[in-house]
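Secondary and tertiary structure notes
As a plain string of letters, each chain reads:
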Amino acid sequence: MRRIILERFNQGDLARAYDLCLAATAQYPDDGWFKHRAVLCLVRSGALERAEYDFRRFRLAEASHDEDSLALGARLRKSMALEASGSQVQALARVAAGQYDRIFAQTGGHYPGINAATLYLLAGDRARSDELARQVLGSCRNARPVEAEDAYYRLASQAEAHLLLGDAGAAQMALQSAIACDRDNTMAHATTIRQLRMVVRLLQLEAPWLRDLEPPRPCHFAGHLFRCAVDADGIAPAREAGLALTLADAFERERIGPAYGAIAAGADILVAEAAISRGNELHLVLPVPVNVFIDASVRPLGGKWVQRCEACLSSAAAIHEVTTDRKLLSGEHIRFASEVAMGLARMRASALATSPVQLLICEDAASARRFGTAHDRNVWNEAGLDQVMVPVSGLERYRAAPGDAGVRDPDFEQVLRAMLFVDVCGSSTVADDLVPVFVKSIMRVLAQVCERIDPAPLHANSWGDGLFLAFHGVDEAARAADQLRSAFSALDLSALGLPDGLALRIGGHYGPVHEGEDPLRRVPTLFGGQVAIASRIERATVPGSIFVSAPFAAALAMASGSEFRCEYVGQTAIDAYMPDVGMYSLRAVAADCPAAQDEAASAGRA
């Protein structure tokens with residue numbers, strides 16, 4: 001059972017791992033490992049209130065198996081402190097610091113020690129922070145790690161301790177040595193840089209070297225379509241070679257790492273080839289399946305582009321087909337795929353604690369179209385993010401017309417919608433005589449929240465213990481999901497006589513759907529595979545959480561400031577007949593909380 005749970009956990013299938021932990025706890029009530037892992041599932045998925053409930057229910061504060069077990073409660077408090085606002089930050093940070101401090105006294109490990117030191121600083125206790133930082137330096141000097149990862153964390157803890165003591169030069173040298181020990185562990189580097197940034201803010205230090213030690217910057221790329229023949233509407237080989245050199249220089253100068261975009265003939269393929277030649281990750285985000293996209297945006301411009309496109313596809317780190325449409329390549333499809341690609345680049349930058357950049361090969365002319373390179377440039381610009389423009393003036397471009405004219409059914413309109421499926425998990429355990437209480441005390445409260453949502457949902461429906469809501473944009477849907485989650489969390493289930501195990505779970509998705517009349521109810525509603533994906537995501541959501549798909553999270557990254565956080569929880573199987581879906585945990589955070597301040601610090605340089 002443990003092996004299966006670990007496999008699910010490491011693959012990001014947190015909902016399934018959590019369910020297995022609960023089943024194992026019922027079967028082996030004296031085995032604390034399953035309880036510990038269940039709470040870890042909740043912490044990682046962002047269900048902090050539910051994690052706190054299970055932590056108390058399982059009496060994990062009494063666990064003392066190893067350092068990880070001891071630190072679970074402190075880790076939970078730290079997560080809450082980083083998302084808290086105002087005076088709550090210091091109060092929660094002090095509790096977490098005290099817990100880590102006691103563990104450090106017991107184990108002498110640099111991990112609880114350095115966490116205690118930084119959290120005491122966040123709590124306003126500089127004296128205790130300094131004292132612990134000195135002790136951590138002593139602990140690290142005595143350690144002799146063998147593994148590269150262990151060496152990294154020891155040196156990273158030293159860097160943090162030096163910075164806490166105000167010695168930025170020693171911190172810089174320690175962090176440089178740490179990165180040299182484990183150069184490819186960019187996620188660990190990002191965690192350290194994020195922690196050091198918080199120390200820099202709290203102590204009002206200058207540490208420009210942190211920017212130089214950031215992981216490579218994720219990039220969104222786009223550009224014009226053009227032929228590769230030397231004719232009236234093509235591009236000469238010499239000019240193409242010049243563009244390739246310009247791109248190589250941009251990749252080097254801007255420290256570009258993972259690249260996100262499409263693979264149309266012309267600019268897209270040039271950028272993709274530049275990324276591949278440098279060994280960078282290439283993430284292709286296509287509005288339709290690969291074969292449909294090639295037929296619409298590559299093959300019409302010549303067979304050489306098809307060959308080069310196929311070579312890029314074979315070298316890509318990932319290929320995201322954001323719809324399953326087998327015929328249409330509409331403006332809505334193109335705009336949707338661009339939003340996802342831009343958002344994925346920005347979220348990757350946030351995860352790596354660095355800033356994203358957009359690389360465009362295009363003319364400087366404005367465009368009124370709601371999709372395409374000019375539209376992408378404007379969206380990125382409005383977000384205040386860095387752009388690099390590679391001009392291609394005087395080139396006769398190929399303009400691919402959207403292929404939806406005269407094809408669609410007049411009774412249906414294809415639209416982009418943000419969708420929420422909401423379910424009360426555990427409602428089947430409600431005794432039959434309590435069903436009226438359940439409906440009046442829970443479903444009515446959720447309905448009242450829906451009535452107050454502004455702007456109102458475009459579509460709203462309910463059945464049994466569930467709700468379906470649809471909105472124009474992901475920011476509207478995210479606020480509605482958070483209001484529903486907060487309203488449910490405020491309910492006193494015990495006072496109502498309802499089972500304590502009831503929990504709200506919300507799944508969100510964003511994509512192109514067909515809007516038309518419901519044949520039975522005779523009201524407008526939504527149809528299509530994207531609606532089915534939204535419903536399956538809700539079923540795979542950890543109780544107490546809001547899980548959203550990658551398209552939803554990506555669009556939200558480009559639509560909002562620091563109001564929400566979307567943290568990746570992994571690829572999850574949502575249906576036996578559907579591919580796995582990348583899932584993100586969505587949480588609302590206060591604009592002045594430490595987590596939001598870090599998001600702002602790594603959002604961009606512009």
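For the structure, see preceding data.
Reference entry: report on the structure contained in this document. (Residues numbered from 1 in each chain as written. Predicted model: local features only at pLDDT ≥ 70, side-chain atom pairs only at ≥ 80, totals over all residues. Heavy atoms only, no water.)

Further remarks concern the environment of A431. Summarising the element assignment, A431 is placed in the loop between β7 (413-425) and α19 (435-452). Look at A431 and you get partly exposed, because its relative accessible area is 35%. With 67 residues separating them in the primary sequence, A431 and L498 have C-alpha atoms 8.6 Å apart. (Helix = DSSP H or I, 4+ residues; strand = E, 2+ residues; numbered from the N terminus. Buried < 20%, exposed > 50% of the residue type's maximum accessible area, 1.4 Å probe, protein only.)

So, about the state of the cysteines. The tally for this structure, following the rule as stated, stands at zero disulfides. As a non-bridged cysteine, C425 has C41 as the owner of its nearest cysteine sulfur, 14 Å distant. (Disulfide = S-S within 2.5 Å.)

On to helix α18 (residues 373-382). For α18, the buried fraction is high: seven of the 10 residues fall into the buried class. Taken residue by residue, α18 has T373, A374, H375, D376, R377, V379 and W380 as its buried positions. On its buried face, α18 is in contact with β1 (217-223), α17 (331-351), β5 (357-362), β6 (386-391) and α23 (550-559). Looking one or two residues past α18, G384 carries a phi angle of roughly 70°, positive in sign. (Contact = heavy atoms within 4.5 Å.)

Take the sheet that holds strand β3 (residues 282-286) next. The strand order across the open sheet built from six strands is β4-β3-β2-β1-β5-β6, with neighbouring strands paired in parallel fashion. Two strands close off the open sheet at either side, each with one partner strand: β4 (318-321) and β6. For this sheet the average axis-to-axis angle between neighbouring strands, irrespective of direction, equals 20°. Examined bridge by bridge, strand β2 (residues 256-261) and β3 share three bridges and lie parallel to one another. Along β3, the bridge assignment pairs Y260 with H283. In this fold α18 packs onto β1, β5 and β6, with an angle of close to 150° to the strand it touches most, β5. (Pairing = 2+ DSSP bridges. Axes fitted to C-alpha atoms, helices over the stretch in contact; angles between N-to-C directions.)

Two numbers describe how helix α4 (residues 48-57) lies on helix α5 (residues 67-82): the axes approach to 11 Å, and their chain directions differ by 155°. Our classification of the angle between α4 and α5 gives roughly antiparallel. Regarding α4 and α5, the two cross each other, and that crossing is left-handed. Every residue of α5 that contacts α4 at L48, A51, E52, F55 and R56 is listed here: L72, G73, L76, R77, S79 and M80. By residue class, the composition of the contact of α4 with α5 is six nonpolar, two polar and three charged. (Parallel < 35°, antiparallel > 145°, perpendicular 65-115°, else oblique. Left-handed = near helix turned anticlockwise from the far one by under 90°. Nonpolar A, V, L, I, M, F, W, Y, C, P; charged D, E, K, R; others polar.)

Let us now look at the pairing of β3. By the criterion of burial, β3 is predominantly enclosed, with five of the five residues buried. Of the two faces of β3, the one holding L282, L284 and L286 and the one holding H283 and V285 are both buried throughout. You can see the chain leave β2, run along helix α14 (residues 267-277) and come back into β3, and the turn it takes is right-handed. Bridging between β3 and β4 involves four bridges; their strand directions are parallel. (Right-handed = clockwise from strand over helix to strand, strands pointing away.)

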